Amino acid sequence: MTKNSSPSIDSTWSGLVPVDDTTLAVTDTGGTGIPVIYLNGQFATQGYWRRVLADLGTGWRHITYDERARGKKSGTSADYSFEAAVRDVDAVLAARGVDKAVVVGWSYGAFVAAHWASRNPDRALGAILVEGAQPHDWLDDAMEQRIRKQFRQMSWFMSLLRPTGLTPRLTAAEMAECNIELGKIARARELGPVLDRITVPTRYVVASGSSLGSHGDEQEKIRASLDAVTVRNPNIKITAKVASNHDAILKKDFRTVADAVREVAALDRENAPKERSAD
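Note that the structure is a prediction, hence the values are computed from the model and not measured.

Asks: Please provide a residue-by-residue account of the overall build of the chain, values included.
Replies: Each helix and strand in the chain was counted, giving ten helices and eight strands. Taking as baseline every contact in the chain between residues at least 6 positions apart, the subset at least 24 positions apart corresponds to 76%. Accessible surface computed for the chain: about 12,100 Å², of which carbon and sulfur atoms make up 53%.

If you want it as structure tokens, here you go:
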């Protein structure tokens, strides 16, 4: 796999990449394979991708990183906004000398991946959106209060885990604000047009059942929104719905995610459908 117009390195590099007022811990396996950049869940770390990377193997250039105040090494920041997360994709790629890449995101990272692919049609080789970037109006006043309460309740044990890098170095209030902002970004009127503008091959891998913090069939109602997305934009398809839930999908169904990366990378971008139906 050699569809990489960017300069490559011969061995794995790990280090800190400066961006805005902070630094991000980045790992780049190097090589001449197709670059793939992986975008984490909202409070997850790059280690979540290890099974996907192992399944894909060494024929790819894997780029992973920890977002602001996540993991053990990435620095804290005054800006934990969604727009900062999108900017960070550009910063990491620029620092590693990569112009074009396949972008893979899970959960919160899927939203970031969708926005980045939509805004960068000449740089995105394709996108894999794992259990995220589903346009649905799930945030209301009651949900906002529920989010704030949940993060307050979890703050005591999350603070105990911070030295391990398993939980972010954000306050409960900051984490709640990040989640609430995501609810606004997920609204159909906000995310729908972003998805409609995607012109590169894009594949969804969706989970089943509930997730941490969800109630009843909330998650399935959110996932159902993708049917309309795929009708409007022929570049976007649901490649698989797996049995695992939102939280376990990268652990239990990593092969399906890796296969989606292979599927997108194998597509001839020039021959991919470019037309999308009008709103």
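Asks: Help me get a handle on the confidence of the model for the chain, residues and values and all.
Replies: Summarising the model, the chain shows a mean pLDDT of 90, and 87% of its residues fall at 70 or more. Every residue in residues 1-5 scores below 50 in pLDDT, and together they form 17 contacts with partners more than four places removed in sequence or on other chains.

Asks: Any chance you could break down the sheet that holds strand 8 (residues 236-241) for me, citing the residues and the numbers?
Replies: Taken together, eight strands build an open sheet; the order of strands is 1-2-4-3-5-6-7-8 and the sheet is mixed. The open sheet has two edge strands, strand 1 (13-19) and strand 8, and neither has a second partner. In this sheet, adjacent strand axes meet at a mean angle of 20 degrees when their direction is disregarded. Note: strand 3 (residues 34-39) against strand 4 (residues 60-65), five bridges, orientation parallel. Looking across to strand 4, one finds that Y38 is bridged to T64. Packed on one face of the sheet, helix 3 (residues 108-119) meets strand 3, strand 5 (101-106) and strand 6 (124-130) and runs near 150 degrees to strand 5. The sheet strands contacting helix 10 (residues 254-266) are strand 3, strand 4, strand 5, strand 6, strand 7 (202-206) and strand 8, and the helix crosses strand 6 at an angle near 155 degrees.

Asks: So what's going on with the nonpolar core? Residues and values would help.
Replies: Nonpolar side chains in soluble globular proteins generally cluster together in the buried interior. Ranked by internal contacts, the top residues of the largest apolar core, which has 43 residues, are I37, L129 and L195. The leading source of residues in this core is helix 3, at eight residues. In this view, I37 contacts I63, Y65, V89, V92, L93, A101, V102, V103 and V104; residues no more than four positions away in its chain are not counted.

Asks: Account for the pairing of strand 3, naming residues and giving values.
Replies: The element strand 3 is extensively covered by neighbouring structure, given that six of its six residues are classed as buried. Neither face of strand 3 is left uncovered, since the one carrying I34, V36 and Y38 and the one carrying P35, I37 and L39 both have all their residues buried. Note: strand 3 against strand 5, four bridges, orientation parallel. Its bridge partner being in strand 5, L39 is matched across the sheet by G105.

Asks: Could you give an account of the pattern of salt bridges, naming the residues involved and the relevant values?
Replies: Taken as a whole, this structure holds 22 salt bridges when the rule is applied. Of the charged contacts in the structure, one is a salt bridge between R223 and E220, with a shortest N-O distance of 2.6 Å. Here E220 and R223 lie together in helix 7 (residues 218-223), a separation of three residues that amounts to about one turn. Residue classification places E220 among the partly exposed residues on the basis of a relative accessible area of 30%. Here the salt bridges share partners, and the residues they tie into one network are D20, D21, R68, D79, R87 and D88.

Asks: Go over unusual backbone geometry, please, and point to the residues and values.
Replies: Its identity is not glycine, yet D20 carries a phi of approximately 50 degrees, on the positive side. Along the polypeptide, D20 turns up in the loop between strand 1 and strand 2 (22-28). Positioned with a positive phi, A69 is a non-glycine residue whose angle comes to about 65 degrees. Within the fold, A69 resides in the loop between strand 4 and helix 2 (82-95).

Asks: Hey, could you go over the packing of aromatic side chains for me, with residue numbers and the actual values?
Replies: This structure, assessed with the given rule, holds four aromatic pairs. Geometrically, the ring pair formed by F82 and Y108 is edge-to-face, given 5.7 Å between the ring centres and 75 degrees between the ring planes. Placement of the pair is F82 in helix 2 and Y108 in helix 3, with a sequence separation of 26 residues. Grouping residues by exposure puts F82 and Y108 together as buried.

Asks: Now, about the packing of helix 3 against helix 6 (residues 188-196): what can you tell me, with residues and values included?
Replies: At their nearest, the axes of helix 3 and helix 6 sit 8 Å apart, and the two run at 50 degrees to each other. Between helix 3 and helix 6, the crossing angle belongs to the class labelled oblique. Relative to helix 6, helix 3 is oriented so that their crossing is left-handed. Residues F111, A114, H115 and S118 of helix 3 form the contact with helix 6, whose own contacting residues are L191, V194 and L195. The class makeup of the residues in the contact of helix 3 with helix 6 is five nonpolar, two polar and no charged.

Asks: Now, about the side chain of N179: what can you tell me, with residues and values included?
Replies: Position of N179 relative to the elements: it lies in helix 5 (residues 172-185). Here N179 is in contact with Q42, W138, I147 and F151, once residues within four sequence places are set aside.

Criteria and thresholds
- Starting afresh in each chain, residues are numbered from 1 along the sequence in its written order.
- Selection of residues for local features in this predicted model requires a pLDDT of at least 70, selection of side-chain atom pairs for listing and counting requires 80 or more, and totals for whole chains, interfaces and linings are taken over all residues.
- Side-chain metrics rest on all non-hydrogen atoms present in the structure, leaving aside hydrogens and water.
- By the criteria applied, helices consist of DSSP H or I runs no shorter than four residues and strands consist of E runs no shorter than two, each listed in order from the N terminus.
- Residue contacts follow a heavy-atom distance rule, with two residues in contact if any of their heavy atoms lie within 4.5 Å.
- Per-residue and other accessible areas follow the Shrake-Rupley method at a 1.4 Å probe size, with only the shown protein chains counted as cover for residues.
- What pLDDT conveys is the predictor's confidence in a given residue, as a value from 0 to 100.
- The pairing criterion is simple: DSSP has to find at least two bridges between the two strands.
- To define axes, lines are fitted to C-alpha atoms, for helices over the stretch in contact only, and angles between the resulting N-to-C directions are given on a 0 to 180 degree scale.
- Definition used in this section: a nonpolar core is a set of buried Ala, Val, Leu, Ile, Met, Phe, Trp, Tyr and Cys residues joined via side-chain atoms within 4.5 Å.
- Categorising residues by exposure relies on relative accessible area from a 1.4 Å probe, with only protein chains included: less than 20% of the type maximum marks a residue as buried, more than 50% marks it as exposed, and the intermediate range marks it as partly exposed.
- One speaks of a salt bridge when a side-chain nitrogen belonging to Lys or Arg is within 4 Å of a carboxyl oxygen belonging to Asp or Glu.
- Here a pair means two rings of Phe, Tyr or Trp (six-membered ring of Trp) with centres within 6.5 Å. Their orientation is stacked below 30 degrees between planes, edge-to-face above 60, and tilted elsewhere.
- The labels follow the angle: roughly parallel below 35 degrees, roughly antiparallel above 145, roughly perpendicular from 65 to 115, and oblique for the rest.
- The handedness criterion is simple: a crossing whose near helix is rotated anticlockwise from the far helix by less than a right angle is left-handed, and one whose near helix is rotated clockwise is right-handed.
- Residues were grouped as follows: Ala, Val, Leu, Ile, Met, Phe, Trp, Tyr, Cys and Pro as nonpolar; Asp, Glu, Lys and Arg as charged; and all remaining residues, including Gly, as polar.

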